[in-house]
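Spelled out, the chains give:
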Amino acid sequence: MEVVLSLVSLTFAKVLQFSGIVDRNALRIKKMEEKALEVYDVIRSIRDPEKPNTLEELEVVTEKCVEVQELGEDEYLIIIKFSPTVPHCSLATLIGLCLQVKLQRCLPFKHKLEIYLSEGTHSTEEDINKQINDKERVAAAMENPNLREIVEQCVTEPDD
């Protein structure tokens, strides 16, 4: 249903654009907001590694933590700034890894991904930010069977 509404919204926006009623910038902003909601819908259901809650329920991720910028035609930069539940959270890197894996698997459009801890929310945020955005470290982490199993449990939808 969400896909249908999104297509109707995009079609309506195109009609307005061609009629000259709405300018291109307003349409671009709306498109980026829609992409951000699409990204949020993917990450909101990721489960916390320690608790039976989702990242959305724990307010680790919110709609406001997702930003999308257009890089080119049908290519986007996605920036996510998440907030761990405590400043010394030992699983912040694992949460970042879960975000990386789920988005790489689920997004249907070409994108570049940057994931950060929200400023001031963790005692070692700079180190963690480097780790979760390093493709080689992410790949190496996913080669570890124990870590991969934990990530799979976090990113798998309950219905899967």
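In the block above lies the structure referred to throughout.
Scoring rules and cut-offs
Residues numbered from 1 in each chain as written. Predicted model: local features only at pLDDT ≥ 70, side-chain atom pairs only at ≥ 80, totals over all residues. Heavy atoms only, no water. Helix = DSSP H or I, 4+ residues; strand = E, 2+ residues; numbered from the N terminus. Buried < 20%, exposed > 50% of the residue type's maximum accessible area, 1.4 Å probe, protein only. Salt bridge = Lys/Arg side-chain N within 4 Å of Asp/Glu carboxyl O. Pairing = 2+ DSSP bridges. Core = buried A, V, L, I, M, F, W, Y, C linked by side-chain atoms within 4.5 Å. Contact = heavy atoms within 4.5 Å.

Visitor: Before we move on, can you summarise unusual backbone geometry with the specific residues and values?
Guide: One non-glycine residue, Glu59, adopts positive backbone phi at about 60°. Along the chain, Glu59 turns up in the loop between helix H2 (24-43) and strand E1 (66-72). Glu59 gets classed as exposed once you look at its relative accessible area, which sits at 60%.

Visitor: For the pattern of salt bridges, give the residues involved together with the corresponding values.
Guide: The full count for this structure, using the stated rule, is nine salt bridges. Across the pair Lys31 and Glu70 runs a salt bridge whose closest N-O atoms are separated by 3.6 Å. Pair noted here: Lys31 is in helix H2 and Glu70 is in strand E1, with a separation of 39 residues, a long-range link. Taking the shortest distance from any N to any O, the salt bridge between Lys102 and Glu157 comes out at 2.4 Å. Here Glu157 lies in the segment after helix H6 (145-155) and Lys102 lies in helix H3 (residues 92-106), a separation of 55 residues in the sequence. When salt bridges with common partners are traced through the structure, they connect Asp41, Arg44 and Glu56 into a single cluster.

Visitor: So what about the pairing of E1? Which residues, and what values?
Guide: Sheet topology note: the E1/strand E2 (residues 75-82) ladder contains six bridges and is antiparallel. In the sheet register, Glu67 faces E2, and the bridge partner there is Ile79. Hairpin connection between E1 and E2: a loop of two residues separates the two successive antiparallel strands, and Asp74 in this loop has a positive phi of roughly 60°.

Visitor: Run through the nonpolar core, naming residues and quoting values.
Guide: Val39, Ile43, Val66, Ile80, Phe82 and Leu99 are the most contacted members of the largest nonpolar core, which totals 40 residues. Counting residues per element, this core draws most heavily on H3, at eight residues. Filtering out sequence-adjacent residues up to four positions away, Ile43 remains in contact with Val61, Val66, Ile80, Leu99 and Leu103.

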